[in-house]
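# Structural characterization, general
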Amino acid sequence: MTQTKIWLSSPHMGVNEQRYVQEAFDTNWVAPLGPNVDLFEAAIQDYVDNNIHVAALSSGTAAIHLALEILGVTKGDEVICQSFTFSASANPIKYLGANPVFVDSERDTWNMSPILLEKAILDRLDNGIKPKAIVAVHLYGMPYKVTEIRKVADSYGIPIVEDSAEALGSRYKGENCSSFGDIGILSFNGNKIITTSGGGALTAKNLDTKKRAVFLATQARDNAPHYQHSNIGYNYRMSNVLAGIGRGQMEVLSDRVEARRANYEFYKSRLGHVKEIEFLEEPEGFYSNRWLTCILTPSFEIREMIRMALLEEDIESRPLWKPMHLQPVFEKALHFSDGTSEDLFERGLCLPSGSNLEKSDLERIVSLIIQKLAK
Ligand SMILES: *Cc1c(COP(=O)(O)O)cnc(C)c1O
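Here the structure is a predicted model, which is why all the values come from computation and not from measurement.

### Concerning the overall build of the chain
Broken down by element type, the chain carries 11 helices and 15 strands. The C-alpha radius of gyration computed for the chain amounts to 21 Å, which stays within 12% of the reference 21 Å derived for 375 residues, consistent with globular compactness. Taken along the three principal axes of its C-alpha coordinates, the chain extends 70 × 60 × 35 Å. Across the 375 residues that make up the chain, the buried fraction comes to 55%.

This is the structure in structure tokens:
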């Protein structure tokens, strides 16, 4: 009996995506601008917060790059970054010739520890260096401690880049992620909660920040009839074809959040009483889109046993992110860590979490895990 492969998180198209793509063809707006781009941006603004301004871009990584550049990060600067994240949170710091300073997570949300953040800032100030920005991440859809991180950032006057790549649809105290940072970023890569196949967005409280992002993303052309440039620009704008997919996906975003949260609830109802398995609960006031359901096991060995058992059945699961301060490429970077993310990385596993999983898929997964642990 052959069963189909179960992916960790695969694209899930709605109803109107192809229609909006067809519109781009019909009107010949096959370019990195056009009505789909405008309408996609408007839909994101409408969903996240009417007080923000949105620039649709080619990727979340591009959005972080532009955010840091707009905040004035330049060669030799230091930028504080959550260590427990995907490398795309940190790479743009290096694109600008700046250096990341990694800060470990706390247990309640698995995101940046406000205590270690302050420790890092004080240490850098003692060394005569003021960090230029803080990249904080809502990992796996769980919001970081927004109030506490903001308080520390504000007391030292350091702006926040809010990496919401995994957290579209997540909320903190009733407000949507990507509305808290000085600049926020979203990703629409293929594995995210909604996708344009590849894409991202920058969100800003300030209209000038959005305008600056669009200017830099479209080769930084000065206002002149010929091509004139006073800045180094980028080609980072989103295609109007892909924005058509995004428009369709925004129409089903609420369903996608609900489905992912239902996955989490299913796993918890079936595995919550298994003594070897621990879940990350939402603290009071936190609402996660549950982009990926993650579990903690008692040890690396048990984690691997589960992962391999799933793999043998063609079920994709993945260890939690390897912290940046343990990555060979960031070997020389400063870090302020207390072992939290290292421990999560050792013992944690992301389970299949797509919004298009069937009930039978989920049943297959939990049965396998229960069987394996019973042995
Ligand atoms: C996916 C992701 C990014 C990068 O987004 P892309 O659109 O893939 O460039 C950045 N940060 C985090 C935490 C992510 O998961």
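From this point, the discussion proceeds with the structure in view.
### Remarks on the sheet that holds strand E14 (residues 334-336)
Each strand in a sheet pairs with its neighbour through backbone hydrogen bonds, running either in the same direction (parallel) or in the opposite one (antiparallel). If you walk across this open sheet you meet the eight strands as E1-E9-E8-E5-E4-E2-E3-E14, and the pairing is mixed. With one partner strand each, in any of the chains shown, strand E1 (53-57) and E14 form the two edges of the open sheet. Pairwise comparison of adjacent strand axes, ignoring direction, gives a mean angle of 20° for this sheet. Relative to strand E9 (residues 200-204), E1 runs antiparallel, the two sharing five bridges. Looking at E9, one finds that histidine 53 is bridged to alanine 204. Against the sheet, helix H7 (residues 207-217) touches E1, strand E8 (183-187) and E9, its axis set at about 15° to E1.

### So, helix H1 (residues 17-26)
Regarding H1, the residues found buried are Glu17, Tyr20, Val21 and Ala24. Along H1, the residues classed as buried sweep out an arc of 100° about the axis, all on the same side. Of the exposed residues in H1, the ones pointing more than 90 degrees away from its buried face are Gln18, Phe25 and Asp26. Positioned one or two residues after H1, asparagine 28 has a phi angle of 60°, which is positive.

### A short note on the packing of aromatic side chains
A ring pair, where both rings are aromatic, is described by two values, the distance of the centres and the angle of the planes. Taken as a whole and assessed by the stated rule, the structure comprises 12 aromatic pairs. Where tryptophan 110 meets tyrosine 140, the ring centres are 6.4 Å apart and the plane angle is 85°; that geometry is what we call edge-to-face. Of this pair, tryptophan 110 sits in the loop between strand E3 (99-103) and helix H5 (114-126) while tyrosine 140 sits in the loop between strand E4 (133-137) and helix H6 (146-155); the two residues are 30 residues apart in sequence, bridging distant segments of the chain. For tryptophan 110, a relative accessible area of 5% corresponds to the buried category. Among the aromatic residues, those joined into a ring-pair cluster are Phe84, Phe86, Trp110, Tyr140, Trp291 and Trp321.

### As for the site of the ligand
Close to the ligand lie 15 residues; Gly60, Thr61, Glu166, Ser187 and Lys192 are nearest. Here a nitrogen atom of the ligand and a side-chain polar atom of aspartate 163 are 2.7 Å apart. One of the side-chain nitrogen or oxygen atoms of serine 187 is found 2.7 Å away from an oxygen atom of the ligand. Taken by itself the ligand offers 380 Å² of open surface, and the protein chains cover 95% of this. Its residues assigned to classes, the shell around the ligand shows four nonpolar, eight polar and three charged.

### Focus: unusual backbone geometry
You will see that arginine 290, though not glycine, has its phi angle at about 50°, which is positive. Within the secondary structure, arginine 290 is located in the loop between strand E11 (286-287) and strand E12 (293-296). We note that aspartate 314 has phi near 65°; this positive angle belongs to a residue other than glycine. Position of aspartate 314 among the secondary structure elements: in the loop between helix H9 (300-312) and strand E13 (318-319).

### Quick notes on the domain arrangement of the chain
Segmentation of the chain into domains returns domain 1 (17-251) and domain 2 (253-374). The straight-line distance from the C-alpha centre of domain 1 to that of domain 2 is 25 Å. Counting from both sides, the interface comprises 48 residues of domain 1 and, opposite them, 39 residues of domain 2. The junction of domain 1 with domain 2 conceals about 3,900 Å² of combined surface from both sides, 66% of it contributed by carbon and sulfur atoms. On inspection of domain 1 and its partner domain 2, the count reaches one salt bridge.

Thresholds applied
Residues numbered from 1 in each chain as written. Predicted model: local features only at pLDDT ≥ 70, side-chain atom pairs only at ≥ 80, totals over all residues. Heavy atoms only, no water. Helix = DSSP H or I, 4+ residues; strand = E, 2+ residues; numbered from the N terminus. Rg over C-alpha atoms; globule rule 2.2 N^0.38 Å. Buried < 20%, exposed > 50% of the residue type's maximum accessible area, 1.4 Å probe, protein only. Pairing = 2+ DSSP bridges. Axes fitted to C-alpha atoms, helices over the stretch in contact; angles between N-to-C directions. Contact = heavy atoms within 4.5 Å. Arc of directions from axis to C-beta. Phe/Tyr/Trp six-rings, centres within 6.5 Å; stacked < 30°, edge-to-face > 60°. Near = heavy atom within 4 Å. Polar contact = N/O pair within 3.5 Å; in protein donor to acceptor, adjacent residues only side chain to side chain. Areas by Shrake-Rupley, 256 points an atom, 1.4 Å probe, with all protein chains shown as cover. Nonpolar A, V, L, I, M, F, W, Y, C, P; charged D, E, K, R; others polar. Domains from an automatic or database assignment. Buried area = accessible area lost by both parts, 1.4 Å probe. Salt bridge = Lys/Arg side-chain N within 4 Å of Asp/Glu carboxyl O.

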